Amino acid sequence: MAKYQIIAATGCPTGIAHTYMAQEALEQAAKRKGITIKVETHGQVGVENELSPEEIKNADAVIIAADKDVHAERFAGKRIIDVSVSKGIKEADQLIDDALAGKGKISALANTIEETPTESGQMNLGRSIYKNLMNGVSHMLPFVVAGGVIIAVSFAIWGVYSFDPNDPTYNATSAMFKSIGDAAMGMMVPIMAAYIAEGIAKRPGLVVGFVGGLLANSGGAGFLGGIFAGFLAGYFVLLLQRLLKVLPKQLDGLKAIFLYPVIGVAVVGTIMSLIAGPMKTVNEGMMSFLSGFENSSPLVLGIIVGCMCAFDMGGPVNKAAYVTGTALLAQGNSSFMAGVSAACIAPPLITGFATLFFGKYFETNDRNAGLVNFILGSTHITEGAIPFAAKDPLRVLPTMMLGSSIAAVLTYMFGVQVPAPHGGFLVLPVVDGKLQWVFAILVGSVVGGVILGLIQKSRVTKEATKKAEAKIEVQA
């Protein structure tokens, strides 16, 4: 078996683009430095290129570039550099250098659930909270996408009210599809809560978080209640693990199969039952506040959503807007998601139009990437724009935010409804206001593309002028 000098694990909340972009960046950086590396990916299809125990044992260093749980307990005793997935993309060369220089922390994790508190204690609190939240979101997304698209297909084929037995357009098949979609969407909150808890406390937290999420959902506490239930369950199970350490080692099996789930579900379930009412009020207030902007000020809402979606393109700010959109969508509000989708689609298209209109000012690789981004953007994969933003963030990111804001504002002004949380233009058949939506996205993307092209033209022109002046000075 080959010995790898460095091993790595990458993973992003959606598991679609960031995960593999970080993998490629690390592999290319290692290749440039002439060292061996194996990168394990944690995407939506599961774990790929999995690291074996032997490969972990023989590796000199470990790089974790992930915003979700990648089972870090496997790397007990290894020197670990733990960063966000975006740093894995933008700072791959630096990460390789740091790993070779012996930077990072020696992991004190043992491959047992009893040592999980150690991991939590070592990790920066803010990053730990974000990572565990994204672990829940990444497992939740397939349920939301599947349910949303199935419901949308039902509406597109048979009509918006065809599932209702009291409506003249009633269709039994439509009602069946609607119930299937509702079942998938209904799992959103419990699954998210379960995997937030699982990220914190590993397997013992899963059942406690799932039950807490179910109670949040049934009690009307909704999305916010699910987040609270997940963190409550995870940290309560960690507390139980510490308290029950005094029991003999022979009772470890009893703790895992009996004490943790029974005590955890009883305590967390009681708390969630008691606070579901107040949290329902808070949840409804937040949704009402955001929804109110659509009617009172689509301009303000569009700017907020556009800036959030383009600010970090798949990072925590982007995810905050997207997750809010999915939560509102699950409650029947499909207009908020229309603006979020438009704002997420725009950045890759902006790079595509920039390279199309100002091709001679971009390198060949950038031109090729811009063409690919037409496809990525059209399917709601924002991350394709990241390489362009990474080169000049101070000027490119505001341009992306402007283009996304224009797209979102126009979407809200036109009253477009998008009942599916993902898919980009693939879900056009189920969009209410198809032409307006496409027009809004194209306007924002073309405006942003022209500005991005002019920025690139200015940069290239200045560099050419400097080179020409330097050449003249040398000749003189």
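Residues numbered from 1 in each chain as written. Predicted model: local features only at pLDDT ≥ 70, side-chain atom pairs only at ≥ 80, totals over all residues. Heavy atoms only, no water.

You'll find the chain entered in an unreviewed UniProt entry as PTS system fructose-specific transporter subunit IIBC, with Enterococcus dispar ATCC 51266 given as the organism. In its Subcellular location (unreviewed entry) section, the UniProt entry covering the chain states "Cell inner membrane". (UniProt positions renumbered as here; feature names shortened; annotations may be inferred.)

*Asks:* Which parts of the structure should I look at to understand the side chain of lysine 131?
*Replies:* Relative to the helices and strands, lysine 131 is located in helix H6 (residues 125-158). Given a relative accessible area of 7%, lysine 131 falls into the buried group. Among the polar contacts listed, one links the side chain of lysine 131 to the side chain of aspartate 82, at a separation of 3.4 Å. (Helix = DSSP H or I, 4+ residues; strand = E, 2+ residues; numbered from the N terminus. Buried < 20%, exposed > 50% of the residue type's maximum accessible area, 1.4 Å probe, protein only. Polar contact = N/O pair within 3.5 Å; in protein donor to acceptor, adjacent residues only side chain to side chain.)

*Asks:* How should the pairing of strand E5 (residues 79-83) be read in this particular structure?
*Replies:* In the case of a regular strand, side chains alternate between the two sheet surfaces. Here strand E4 (residues 61-66) runs beside E5; their pairing, made up of four bridges, is parallel. Opposite alanine 65, over in E5, you have valine 83 as the bridge partner. As paired strands, E5 and strand E6 (residues 105-106) are joined by two bridges and run antiparallel to one another. Looking across to E6, one finds that arginine 79 is bridged to isoleucine 106. (Pairing = 2+ DSSP bridges.)

*Asks:* Please clarify how the layout of surface pockets should be interpreted in this entry.
*Replies:* Rolled over the atoms, a probe sized like a water molecule indicates the empty space that remains. What the largest pocket holds in volume is close to 680 Å³. At the level of secondary structure, the elements contributing two or more residues to the lining of the largest pocket comprise helix H1 (18-32), helix H3 (85-90), helix H4 (92-100), helix H15 (364-378) and helix H16 (386-391). (1 Å grid on protein atoms, 1.4 Å probe; cavity = no way out; pocket = protein on both sides within 12 Å on 5 of 7 lines; lining within 4 Å. Points joined across faces, edges and corners; volume = space filled by probe spheres on them.)

*Asks:* Could you clarify how one ought to interpret the sheet that holds E4 in this entry?
*Replies:* As summarised here, the arrangement of the six strands in space is E3-E2-E1-E4-E5-E6, forming an open sheet in which the pairing is mixed. In the strand order of this sheet, the two ends are held by strand E3 (46-48) and E6, each with one partner. Both strand E1 (residues 6-11) and E4 contribute to a ladder of six bridges, which runs parallel. Directly across from threonine 10, in E4, lies its bridge partner alanine 65. Along the sheet, H1 contacts E1, strand E2 (37-43), E3 and E4; its crossing angle with E2, the most-contacted strand, is approximately 175°. (Contact = heavy atoms within 4.5 Å. Axes fitted to C-alpha atoms, helices over the stretch in contact; angles between N-to-C directions.)

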